[in-house]
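These are the residues of each chain, in order.
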Amino acid sequence: MEKQDKIEMYRQMLLIRKFEEKAGEMYTQGKVGGFLHLYIGQEAVAVGFISALRPDDYVIGAYREHGQALARGVDPKRVMAELFGKSTGVSRGKGGSMHMFDVERNFLGGHGIVGGGMPLAAGMGFAINYRETDQVVMCFFGDGAVNEGAFHEALNLVSLWNLPVIYVCENNLYGMGTAVYRASSFPEIFRRAQCYDLDTESVDGMDVLACRDAADRAIRRARKEKSPRFIEAITYRFRGHSVADPGTYRTKEEIGEWRKKDPIEQFRGQLEADGTLTAEDIQRIEEELDRVIQEAVEFADSSEELPVEGLYEDVYA
Ligand SMILES: Cc1ncc(C[n+]2csc(CCOP(=O)(O)OP(=O)(O)O)c2C)c(N)n1
Ligand SMILES: [Mg+2]
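Small disclaimer: the values here were computed from a predicted structure and weren't measured.

(A) Fine view of the site of ligand 1. Lining the immediate surroundings of ligand 1 are 13 residues, of which Val-114, Gly-142, Asp-143, Gly-144 and Gly-175 lie closest. Among the residues forming the shell around ligand 1, the class breakdown is five nonpolar, six polar and two charged.

(B) The nonpolar core, seen in detail. If you look at the biggest cluster of nonpolar residues, it comprises 88 residues, and the most contacted ones within it are Val-137, Met-138, Cys-139, Ile-166 and Val-168. Considering every element that reaches this core, the biggest residue donor is helix 1 (residues 3-28), with nine residues. Here Cys-139 is in contact with Ile-60, Gly-117, Met-118, Ala-121, Val-165, Ile-166, Tyr-167 and Val-168, once residues within four sequence places are set aside.

(C) Fine view of the packing of helix 1 against helix 11 (residues 263-273). Two numbers describe how helix 1 lies on helix 11: the axes approach to 10 Å, and their chain directions differ by 155°. For the element pair helix 1 / helix 11, the angle class is roughly antiparallel. The hand of the helix 1/helix 11 crossing is left-handed. Of the residues in helix 11, those touching helix 1 at Lys-6, Tyr-10, Met-13, Leu-14 and Arg-17 are Pro-263, Ile-264, Phe-267, Arg-268 and Leu-271. Tallied by class, the residues present in the contact of helix 1 with helix 11 amount to seven nonpolar, no polar and three charged.

(D) Examining the pairing of strand 4 (residues 137-142) more closely. Judged by how many residues are buried, strand 4 sits mostly within the fold: six of six residues are covered. Of the two faces of strand 4, the one holding Val-137, Cys-139 and Phe-141 and the one holding Met-138, Phe-140 and Gly-142 are both buried throughout. Pairing analysis gives three bridges linking strand 1 (residues 58-60) to strand 4, with the strands arranged parallel. What sits directly across from Ile-60, in strand 4, is Cys-139. Bridging between strand 4 and strand 5 (residues 165-171) involves six bridges; their strand directions are parallel. From the neighbouring strand, Gly-142 faces strand 5, where its bridge partner is Glu-170. Considered for its hand, the β-α-β crossover made up of strand 4, helix 6 (residues 149-160) and strand 5 is right-handed.

(E) Region of the structure containing the pairing of strand 5. Judged by how many residues are buried, strand 5 sits mostly within the fold: seven of seven residues are covered. Across the two faces of strand 5 the burial is the same, with Val-165, Tyr-167, Cys-169 and Asn-171 and Ile-166, Val-168 and Glu-170 all buried. In terms of strand pairing, strand 5 meets strand 9 (residues 229-234) through six bridges, oriented parallel. Looking at the pairing, Tyr-167 lines up with Phe-230 of strand 9.

(F) Unusual backbone geometry, seen in detail. For the bond running from Gly-109 to Gly-110, omega is 10°, close enough to zero to count as cis. Look at Glu-132: it is not a glycine, yet its phi comes out positive at around 60°. With phi around 50°, Met-176 is a residue other than glycine that occupies positive phi space. Along the chain, Met-176 turns up in the loop between strand 6 (174-175) and strand 7 (178-179).

Definitions and limits used
- Residues numbered from 1 in each chain as written.
- Chains lettered and ligands numbered in written order.
- Predicted model: local features only at pLDDT ≥ 70, side-chain atom pairs only at ≥ 80, totals over all residues.
- Near = placed C-beta within 6 Å.
- Nonpolar A, V, L, I, M, F, W, Y, C, P; charged D, E, K, R; others polar.
- Core = buried A, V, L, I, M, F, W, Y, C linked by C-beta atoms within 7 Å.
- Buried ≥ 20, exposed ≤ 12 C-beta atoms within 10 Å, placed from the backbone.
- Helix = DSSP H or I, 4+ residues; strand = E, 2+ residues; numbered from the N terminus.
- Contact = placed C-beta atoms within 7 Å.
- Axes fitted to C-alpha atoms, helices over the stretch in contact; angles between N-to-C directions.
- Parallel < 35°, antiparallel > 145°, perpendicular 65-115°, else oblique.
- Left-handed = near helix turned anticlockwise from the far one by under 90°.
- Pairing = 2+ DSSP bridges.
- Right-handed = clockwise from strand over helix to strand, strands pointing away.

Here you go:
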């Protein structure tokens, strides 16, 4: 991989981190209403996987999707404006945190229903085969989704019909306050996909290059052979399930252990050690991103809300 690509991956992870920190701050100031599920700690998954895609491929996420939207190149201004509920938001302020859509970037949500994106991804894979193109679909969801019926229906169909869908399960060890081992009959999630005869693998979700490698392999096969794949990325969210989570179900020690594996700090250390990133680069990227985030907040804050008539637009009836 080119030096410049690695620097860009570092930049994108830091963009997500800074964006999410600011979003949390804006929530406490009352600027963001409704739910807010932060992606802090999981940045390597979105950036490692999405950076391997072509612009004409499809991405679909769950409700912890701000990071995926940003990694897909959705304008941070429009993501922030969506959180603020403004008309300039990616979903015109009607979706909020859980429902970011950007058709121009083939980013198709943002879904509040756990597991809801999985059958949709199968449908998108079916459309790709029907049109005979070599695009792929990348579908992100949490460990909580694997206990939903939709998981089984979707995996069965992508395998049976050879659909070019890459399922990426972000196993952050918890679904709300429930640890995986308390909810899953066996906790190695990738093994559950094997009963549908899918290619599966488990990857270190705190290692952006490991995620990128797994994505490259999966995409190559999906494009050429229409072969679906299921990847479990083991990761951790540093913050609560949502901003309203008191977090009583995990210990400070556990969180501290995972913070030592911070994906951004790890990657920065590697890039500094091999001479890819200099102290000046780091400083320049920090300053640039602080500006980007500041502009996103100013844009969101100064944008208008959608007029009431707008509620009747973009609605199927
Ligand atoms: C079908 C459905 N059931 C229950 C919920 C309530 N709910 C919201 S988030 C969540 C936990 C999901 O955890 P996971 O998939 O691991 O995602 P994470 O929050 O860890 O990113 C649940 C049960 C829901 N949104 N949809
Ligand atoms: Mg989870």
